[in-house]
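Letter by letter, the chains look like this.
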Amino acid sequence: MRSAVALAEGVRGTTSPNPPVGCVVLDADGVLVGRGATQPPGGPHAEVMALADAGERARGGTAVVTLEPCAHHGRTPPCTDALRAAGIVRVVHAVSDPNPVAAGGAEVLAGAGIDVASGLLADEVARGPLRAWLHHVRCDRPHVTWKYAASLDGRVAAADGTSRWISSANSRAEVHELRGKADAIVVGRGTVLADDPALTARAADGTAAARQPLRVVVGRGDLPEGARVLDDSAETLRVRTHDPAEVLAVLRARGVVDVLLEGGPTLAGAFAAAGLVDRVLAYVAPTLLGAGPVALGASGVSTITAAHRLVVEGVTMSGPDVRISAVPARN
Ligand code: AOF
Ligand code: ZN
């Protein structure tokens, strides 16, 4: 299953609105003989890729997959049929498919005499490669990760507005990886005016990643001519509203599942106020500024009992910085 999770991670960002799923096939002796992951929408599912990779060696074997195999005719035929036809005798999956159209695969397989087990590494998968997709199926809107980089005293720029390289090279590289796996990067018009960000996913040497997320600029009013976000290195969408729910509805209609919200403080505050931040990813640098804008603007909190309470999921070092991942306490 760890191999299947890694395969799923490898295609994250390329499958929306479908889930990034990974699958490995073991032969009758338990030897890993096939690997597969979900192809872009309309393409084969993970199981079909792994079965093709395994060929005849799949007969009498086991399929290990991060999501319950689908039982429906969607853009592709049911994976349950493919598993049966290949002679698979055992299926182990992590997470059940919450999509009512595709669900029921486990029952179909069991009905065909295949040994089915579910739940293996389910938490790891649900928090990892399937996090955004599961959220989007259950809540009918994209998953929003608000990412920011701040000083230890919570500031995202110095008093004069300069903000370059608060966080370390390591953290900046991580952010480019995050961008490369997101469906869309969202910023407010204010951030474009203040920082003129390119909002592309780039390698350490500055070269653009093969796949670029949709760049989204929220807010009324024009952007300066020559703004980097308007260059042709990636697609850019203007959403001329200040309503976060409306922004997410527009993105949902475009098949966006996984949103990376990159600021600034005003837009992040509006998303938090609307209860539309599903995860906070903070890169906190060991530096003090003492003045300058803070990461989050007004977010509907005027008294301590109204604070947005979070639960920390993980704390790791990112070079010299601390990376904190937190989710709303209600989840
Ligand atoms: C699987 N394996 O690798 C994926 C699954 O439009 P379709 O035909 O591609 O079906 C999309 C639905 O199938 C999707 O909403 C989800 O329920 C399931 N995705 N299922 O067995 C896979 N990506
Ligand atoms: Zn399928």
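Computed from a predicted model, the values in this text were never measured in an experiment.

Enquirer: In this structure, what is going on with the nonpolar core? I would like to understand it.
Expert: In summary, soluble globular proteins display a tendency toward joint burial of nonpolar side chains. Counting 32 residues, the largest nonpolar core has Val25, Ile88 and Val91 as its most contacted members. Within the residue set of this core, elements represented by two or more residues are α1 (2–11), β1 (22–26), α2 (46–54), β3 (62–67), β4 (90–95) and α6 (131–139). When sequence neighbours within four positions are dropped, the list of residues in contact with valine 25 reads Val31, Leu32, Val33, Gly34, Ala50, Leu51, Ala54, Ala58, Thr62 and Ile88. Counting 28 residues, the second-largest nonpolar core is a separate cluster that includes Leu214, Leu248, Val259 and Val280.

Enquirer: Sorry, what's going on with the domain arrangement of the chain here?
Expert: Much of the literature gives interface size as the accessible area that the parts lose upon coming together. What the domain assignment lists for the chain is domain 1 (2–131) and domain 2 (141–328). Between the C-alpha centres of domain 1 and domain 2 there is a distance of 33 Å. Contacts between the two partners involve eight residues from domain 1 and, on the opposite side, ten residues from domain 2. On the domain 1 side of the interface with domain 2, the three residues burying the most area are Arg12, Gly13 and Arg131, jointly 59% of the side's total. Inspection of the region where domain 1 meets domain 2 yields three salt bridges. The residue lysine 181 makes a salt bridge to glutamate 9 at a minimum N-O spacing of 3.3 Å.

Enquirer: Hey, could you run me through the pattern of salt bridges in this one?
Expert: Where charged atoms from two side chains of opposite charge come close, those side chains can pair. What the rule picks out here adds up to 16 salt bridges. A salt bridge links glutamate 313 to arginine 131; the shortest N-O distance between them is 3.0 Å. Here glutamate 313 is found in strand β12 (residues 310–318), whereas its partner arginine 131 is found in helix α6, with 182 residues between them in sequence. With relative accessibility at 15%, the residue arginine 131 sits in the buried group. A salt bridge links aspartate 231 to arginine 215, with the nearest nitrogen and oxygen atoms 2.9 Å apart.

Enquirer: Before we go on, may I ask you to explain the environment of alanine 159 in this structure?
Expert: With respect to the helices, strands and loops of the structure, alanine 159 is situated in the loop between β6 (143–151) and α7 (169–181). Taking the relative accessible area as the measure of exposure, alanine 159 reaches 65% and is therefore exposed. Placed 130 residues apart in sequence, alanine 159 and leucine 289 show a C-alpha to C-alpha distance of 8.1 Å. Setting aside residues no more than four positions away along its own chain, alanine 159 makes contact with Ala291 and Gly292.

Enquirer: Honestly, the pairing of β4 in this entry has me stumped. Any pointers?
Expert: Looking along a regular strand, one sees the side chains alternate between the two faces of the sheet. Across the six residues that make up β4, a large majority, five, are buried. Two elements, β3 and β4, share five bridges in a ladder whose sense is parallel. Each residue of the ladder has a partner; that of valine 65, found in β4, is histidine 93. Handedness of the β-α-β unit built from β3, helix α3 (residues 79–85) and β4 comes out right-handed. Bridge count between β4 and strand β5 (residues 115–118): four bridges; the pairing is parallel. Paired with histidine 93 across the bridge in β5 is serine 118. Once you follow β4 into helix α4 (residues 105–111) and on to β5, the crossover reads as right-handed.

Cut-offs used in this document
Residues numbered from 1 in each chain as written. Chains lettered and ligands numbered in written order. Predicted model: local features only at pLDDT ≥ 70, side-chain atom pairs only at ≥ 80, totals over all residues. Heavy atoms only, no water. Core = buried A, V, L, I, M, F, W, Y, C linked by side-chain atoms within 4.5 Å. Buried < 20%, exposed > 50% of the residue type's maximum accessible area, 1.4 Å probe, protein only. Helix = DSSP H or I, 4+ residues; strand = E, 2+ residues; numbered from the N terminus. Contact = heavy atoms within 4.5 Å. Domains from an automatic or database assignment. Buried area = accessible area lost by both parts, 1.4 Å probe. Salt bridge = Lys/Arg side-chain N within 4 Å of Asp/Glu carboxyl O. Pairing = 2+ DSSP bridges. Right-handed = clockwise from strand over helix to strand, strands pointing away.

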